[in-house]
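Notes for the structure review
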Amino acid sequence: MLRKYVENIVRFRIAVIILIAVVTILIGSRIKELKVEVDPDKNLPQSHPYVVAQNQIDKVFGGRNIVVIGVIPKEGDIFQPKILEKIMRITQKINEIPGVIKTNIFSIAARKAKDIKGTEEGMIVRRLMESVPQTKEGLDELRNKIYRNPLFINSIISKDGRAAQVIADFRFNKELKGYPDIEKRIKEIVSNEEDLSVSIHLNGPSIALSWLAAYSQKMGKLFLLAMIVIGIVLYLVFGTFQGMFLPLLTAIISVVWGLGIMGLMHVPMDPFNASTPILILAIAAGHSIQILKRYYEEYAIIGDNRLAVIESTSRIGIVMITAGLIAAASFLSLLTFDTMSIRNFGIFTALGILSALIIEMTFIPALRAILRPPKNKEIKEGLIIAPLNMTLDKLSHLITNGRAKAVISVICIIAIAVAGGGYLLNVDNSLKSNFKKSTLLIKDDNIMNSHFGGTNSLNLFVEGGKSDDMKRPDVLKAIEGLQSFLENKFSDVGKTISFVDFIKKMNQAMH
């Protein structure tokens, strides 16, 4: 059956080539609809208790798309009019960005930053900095306001007063469609404030995710690099242009089909499936090499181009079909995961492999039947002399000349030694571990981490069973106890904040 099928492919080779070309153009036209999207929700199992809690926090309070802006004077502390004016302008301009959650903007210039002060009548609650003080007395008064409210220390101002933070939170909309849009708007604001007197640093989950999106967009360059590397290896193996061209062509068409289907189904590129094109390229090229090598062997025996195509494809076809189906099924097993990103990665890698299988069993035999047969005498005789093959030939002689046991022993020793490294593996989903320490993102993170309570936040959601449970004294004491436990038990915890801190401050002011 397979032989008869291949004979028909060779007989109607022109029609097959035209059909595959048309399909490739139609599917490839949908690649333009692809977009890069970084959505943490798709990387996490939505049924997990931690994720359910975070979604509830975001629904009630926000806090998912946070940006932190560090303002650090190059000389002195922040209590300088020109530095305070920068903090004020940054705060005001962020407040004008569509999609910002205005109640979640926090800085010494924000409306929600209040000075709580006790008086004979009770207490006065006023905005911390309604305008920038220009005199020494005004600056000293602002300093006193901040430091008598410990809530602000190590959160929006460093303990030594040499750095300040502006914290903002956003929801996506028509203008803010993703994290790169958030970073772009923030950079437009802070770029106008950077000068020789101050250094400004960006941090927070939104900035890190924007960097991750930018890295995902670089996959196009890596794909071209992978093509060049594979092309070089193919030429070293086969020593001919056709030997390099045909496997690469198979791989490229397979990638076009895979990406086109993603665009057709409106599935975005993300950090997981951004590697899919390179993976498909490698697998498709590897499978195609096997068919091409078998063709050369058959041609060396038969000496007829079309018969060699029929013979090689019909003989190795069942192997290629089996290998392709196994590989596709392996990636489709990722559908069992709870995370959308991994499921998409599995689906479209499998589709790319199946695309390669279809092309290998249709387009490539048809094209091979049209192309001129190889002229190289060494290829006709099945003796392909290329640097890589010569190395493998020497290795095969080493193994077959009584050294097989020694080779196996060495491999086993290496395997056992390397297997021990499995105990050193660490499973971690740290977002910042995706970046080199030399990147600006990590450098900014280290600077801000050294000035404030910490750049990694953990949200704890406390929910009562009925209305006003959060006002109960025992609940308030329990939350206070939790904060005290975290601060005293874990040295890495630099700051804890809850609404209980505000109630305590108001109570102290009143009494």
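This text follows the structure it describes.
A brief report on the enclosed structure follows. Given the structure is predicted, the values throughout are model-derived calculations rather than measurements.

Here we look at the packing of aromatic side chains
Scanning all chains against the criterion turns up 11 aromatic pairs. Site record: aromatic cluster; members linked through ring pairs are Trp211, Tyr215 and Phe435.

Thoughts on the sheet that holds strand S4 (residues 164-170)
Strands sit in the order S4-S1-S5 across an open sheet of three strands; the sheet is antiparallel. Of all strands in the sheet, those with a lone pairing partner are S4 and strand S5 (198-203), marking the two edges. For this sheet, the mean angle separating the axes of adjacent strands, direction not counted, is 20 degrees. Sheet topology note: the strand S1 (residues 65-73)/S4 ladder contains seven bridges and is antiparallel.

Details of the nonpolar core
Considering soluble globular proteins, one finds that nonpolar side chains tend to be buried as a cluster. Among the nonpolar cores identified, the biggest contains 56 residues, and Ile69, Ile94, Phe170 and Ile186 are the most heavily contacted of them. Sorting the residues of this core by element identifies S1, helix H4 (81-94), helix H5 (136-147), S4, helix H6 (179-190), S5, helix H7 (205-217) and helix H16 (440-451) as the ones contributing at least two each. Other than its neighbours up to four places away in sequence, Ile186 contacts Val67, Ile69, Ile94, Ile97, Phe170 and Leu202. In this structure, Ile20, Val237, Tyr295 and Ile359 belong to the second largest nonpolar core, which totals 46 residues.

Points about the environment of Lys145
Among the secondary structure elements, Lys145 is positioned in helix H5. With a relative accessible area of 18%, Lys145 lands in the buried category.

Observations regarding the packing of H4 against H6
Where H4 contacts H6, the two axes come as close as 10 Å, and the packing angle between them is 145 degrees. Like other packed secondary-structure pairs, H4 and H6 cross with a definite hand, here right-handed. Residues Ile90, Lys93 and Ile94 of H4 touch H6, and the partners they reach there are Ile186, Ile189 and Val190. Residue classes in the contact of H4 with H6 are distributed as five nonpolar, no polar and one charged.

Each value, and the rule that gives it
Residues numbered from 1 in each chain as written. Predicted model: local features only at pLDDT ≥ 70, side-chain atom pairs only at ≥ 80, totals over all residues. Heavy atoms only, no water. Phe/Tyr/Trp six-rings, centres within 6.5 Å; stacked < 30°, edge-to-face > 60°. Pairing = 2+ DSSP bridges. Helix = DSSP H or I, 4+ residues; strand = E, 2+ residues; numbered from the N terminus. Axes fitted to C-alpha atoms, helices over the stretch in contact; angles between N-to-C directions. Core = buried A, V, L, I, M, F, W, Y, C linked by side-chain atoms within 4.5 Å. Buried < 20%, exposed > 50% of the residue type's maximum accessible area, 1.4 Å probe, protein only. Contact = heavy atoms within 4.5 Å. Left-handed = near helix turned anticlockwise from the far one by under 90°. Nonpolar A, V, L, I, M, F, W, Y, C, P; charged D, E, K, R; others polar.

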